[in-house]
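# Results of the structural survey
Single-letter residue listing:
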Amino acid sequence: MWRFLILFCFVNIHKNIYSQLVYKDSMQPIETRVQDLLKRMTLKEKILQLNQYTFGENDNPNNIGEEIKNIPADIGSLIYLNINPEIRNNIQRKAIEESRLGIPILFGFDVIHGLRTVYPIPLAQACSFNPKLITAACRMAAKEATLSGINWTFSPMVDIARDARWGRIAEGYGEDPYLSGVLGAASVKGYQSESLSNPYSIAACLKHFVGYGMSEGGRDYRPTDISKQALWETYLPPFEMGIKSGAATIMSSFNDISGIPATANHYLLNDVLKNKWNFKGFVVSDWNAIEQLTYQGVAKDRKEAAYKAFTAGLDMDMRDNAYGEFLEELIEGNKISEEQIDSAVVRILRLKFHLGLFERPYTTIVNEAERYLQKEDVKLASLLAEESMVLLKNQNKLLPLSPSVQNIAVIGPLAKNKTDLLGSWAFRGNPKDVETIYEGLEKEFGNKIRLNYALGCKKEGNDISGFEEALKVAKTSDLIILCLGEDKSWSGENASRSTIALPRIQEELLTHLKKAEKPIVLILSNGRPLELARIEPHVDAIVEIWQPGIAGGSALAGILSGRLSPSGKLSVTFPRTTGQIPIYYNMRQTARPYGNMGNYQDIQTTPLYPFGYGLSYTNFTYTNARISSNKVRKDEKLTAEVTIINTGKSSGKETVLWYIADPVCSISRPIKELKHFEKCYLLPGESCVLRFEINPYKDLSYVNSSGVRFLESGKFILYVGTEKLIFEVVE
Ligand code: NOJ
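Described in the following lines is the structure provided in the data block. Since we're looking at a predicted model, the values are computed, not measured.

### Concerning the overall build of the chain
Scanning the chain from terminus to terminus reveals 22 helices and 26 strands. Taken against the 2.2 N^0.38 rule, which gives 27 Å for 731 residues, the C-alpha radius of gyration of the chain at 27 Å falls within 12% of a compact globule. Summarising its shape, the C-alpha atoms of the chain cover approximately 95 × 65 × 50 Å along the three principal directions. A total of 731 residues make up the chain; the buried ones form 59% of that total. The long-range share in the chain, meaning contacts at least 24 apart out of those at least 6 apart in sequence, stands at 77%. Carbon and sulfur atoms form 51% of the exposed surface of the chain, whose accessible area is close to 29300 Å². Charged side chains in the chain number 84 positive and 84 negative. The centres of these two groups are separated by 3 Å.

Written as structure tokens, this is what we have:
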């Protein structure tokens, strides 16, 4: 009895002391808590915070315990490849109860375009030009993620991609720095909400810092050769915008920047990110990127790699355990100091406090039916899919389908395909949740239109045995909906292609179907812009649906029937042929802009579909564009406005893009640059006035190759739709 009482008192005294610890006290300011915790930590505990391990997909209750046993209780972070919140809580319990200081683990995962409620790939989302919708989608993804035990996503990717051979073009917002920055910020806002401590918030991670999209030849993991000018003008801006929007973390990229791998790039991680931009979050390496410094030829072994990455400003080691193995030795050898370790640890602890992990380390368990695929979330995924789809061609106004159409041939490898519509980086998407194109059409048309299906051919290969059946089906129908496209594994990481054309067999199926002499609506589902030079002339209409996620079927069917009006505009240029790469709208000015100078001899040099291109079922007229003054001082502001009238017969959404050109400057500037955009919805006959407030220092300036901003006086041109306004900046 006495023994029991003594034990009881001891436990309670201990509990009291413990609960008085400053870092445990949620009433204390976060910085105070961080410092208090830091001073209690041993060097070993600190170093473990700088490491991220992976936790496998194993959810076998018989041996999961073994896996958990292998995880150190003091580990900083885990990439949690499982989405079972109970297992996650068991791991967290180990950290809270078995580690000396009870520091919670930060669980990260690639939630890229939804977790279970998969919405369109980012390249497609960008075509919506709708940041609010993207914020809402990311918020929904964050909720599914938190309910699965995830606190941190490795998203958004704001790498500018101008080479569609690079498979990761699917994961970003396209070719334009401003659009990528705005949408990256919108995504951060969605994941993190107003406060990271909101129970449904997760930390965002801007990636890949920086220049990964420039991998030579579009081949993943290859070197990049980026001039300092391009770095500052094109690749850094979306990251800066993302940091300003409050992104909690950033991931360094695999590539080197003119010889110095991003993982060990002191200039970028330390001078630019932490000093110039005053970034208070932490930098995580990409997967195995520290060890890869040895393959990139800048470190002789893993120890030197750890040294180089750490001293460059890289805080957390993703999965290499190079920090775990070598940082202590590096301190002993006086190569690095404990203060340097502290400053990295502080950044990681700070995020854990902000996320409220010390107060709420465990995930609330709700059943799966409440966790995923909520009705309003599926609706949101469908809306985003709809706004992402781009009508590329509509000859003779074939779309929307006329009420006289009674029989449709639905042909092609993507027509009844579920898996590929999910796109890359949808690890927790389940094909059974996906509505196919065919199902969408069935739902839309019910028994009003007969659908006649034929596969035609597979996505690739030489088997043309389905061609005849497809032709037969086509002949007995009024019109052909041909669904072509890519396998989801053809884009994403390590998915480079030497040509962005569809496999020959798909092109041949189209040519074969021409024999039916029926109108053809081509539906494309793909993770990159495609080379359509040989296909485009043979079809009457083209709808680019990208990889729309689980709810693209109805969205597309609604567009085809005319229930919805297409409104997407391209976030990336479609070249005519692969050989035109790189091709993007904001190229710098050429030395010989006249005649046929510098053009290709064998093809047209213009793109097939430029950035910002996309048709509607209605017509929008741009008129009455004006500017508050045609002269502005550098410290003044200007307001431009334009009236948009829906002069067509149906309602529709129009994205209004405002571009600026600086024809004469100390350095040659791009032909034009997107500076502002807005989307409006108009009924037939309705009009609206949209405005762009021009702030010269922000919108008319440029950076030099050291990142210093300049604003020069002189003439500028503002483009909006078909309108053009000229004004002058004076001293
Ligand atoms: C490697 C990829 O490059 C990166 O984008 C991703 O977040 C990590 N792996 C983690 O899966």
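### Digging into the pattern of salt bridges
One pass over the structure, following the stated rule, counts 46 salt bridges. The partner of E304 in a salt bridge is K300, and the shortest N-O contact between them spans 3.9 Å. On the accessibility criterion, E304 (24% relative accessible area) is partly exposed. Note on K300: relative accessible area 70%, which makes it exposed. With a closest N to O distance of 2.7 Å, D487 and K459 form a salt bridge. Remark: K459 occurs in the loop between β13 (450-454) and α19 (467-475) and D487 occurs in the loop between β14 (479-485) and α20 (504-513); sequence separation between them is 28 residues. For D487, a relative accessible area of 18% gives the class buried. A relative accessible area of 17% places K459 in the buried class. Sharing partners across several salt bridges, the network here consists of E233, R588, R669 and E673.

### Remarks on the sheet that holds strand β15 (residues 520-525)
The strands making up a sheet are joined through hydrogen bonds of the backbone, oriented either antiparallel or parallel. The sheet built from six strands is open, its strands ordered β11-β16-β15-β14-β12-β13 with mixed pairing. Among the strands making up the open sheet, the edge pair consists of β11 (390-394) and β13. The sheet shows a mean angle of 20° between the axes of neighbouring strands, taken without regard to direction. For strand β12 (residues 407-411) and β14, the ladder comprises four bridges, and the chain directions are parallel. Considered in β14, the bridge of I411 is made with L482. Strands in contact with α20 are β12, β14 and β15; relative to β14, the strand with the most contacts, it is inclined by about 170°. The sheet contacts of helix α21 (residues 552-561) involve β14, β15 and β16 (541-544), and relative to β15 the element is tilted by about 155°.

### A look at the sheet that holds strand β22 (residues 687-694)
Pairing in this open sheet of three strands is antiparallel, and the strands run β17-β19-β22 from one edge to the other. Looking at strand neighbours, the two that pair on one side only are β17 (620-627) and β22, the edges of this open sheet. Sheet twist, expressed as the mean angle between neighbouring strand axes with direction ignored, is 20°. Pairing of β17 with strand β19 (residues 638-646) involves six bridges; the strand directions are antiparallel. What sits directly across from I627, in β19, is A640.

Conventions adopted
- Residues numbered from 1 in each chain as written.
- Predicted model: local features only at pLDDT ≥ 70, side-chain atom pairs only at ≥ 80, totals over all residues.
- Heavy atoms only, no water.
- Helix = DSSP H or I, 4+ residues; strand = E, 2+ residues; numbered from the N terminus.
- Rg over C-alpha atoms; globule rule 2.2 N^0.38 Å.
- Buried < 20%, exposed > 50% of the residue type's maximum accessible area, 1.4 Å probe, protein only.
- Contact = heavy atoms within 4.5 Å.
- Areas by Shrake-Rupley, 256 points an atom, 1.4 Å probe, with all protein chains shown as cover.
- Lys, Arg positive; Asp, Glu negative; His and termini not counted.
- Charge placed at Lys NZ, Arg CZ, Asp CG, Glu CD.
- Salt bridge = Lys/Arg side-chain N within 4 Å of Asp/Glu carboxyl O.
- Pairing = 2+ DSSP bridges.
- Axes fitted to C-alpha atoms, helices over the stretch in contact; angles between N-to-C directions.

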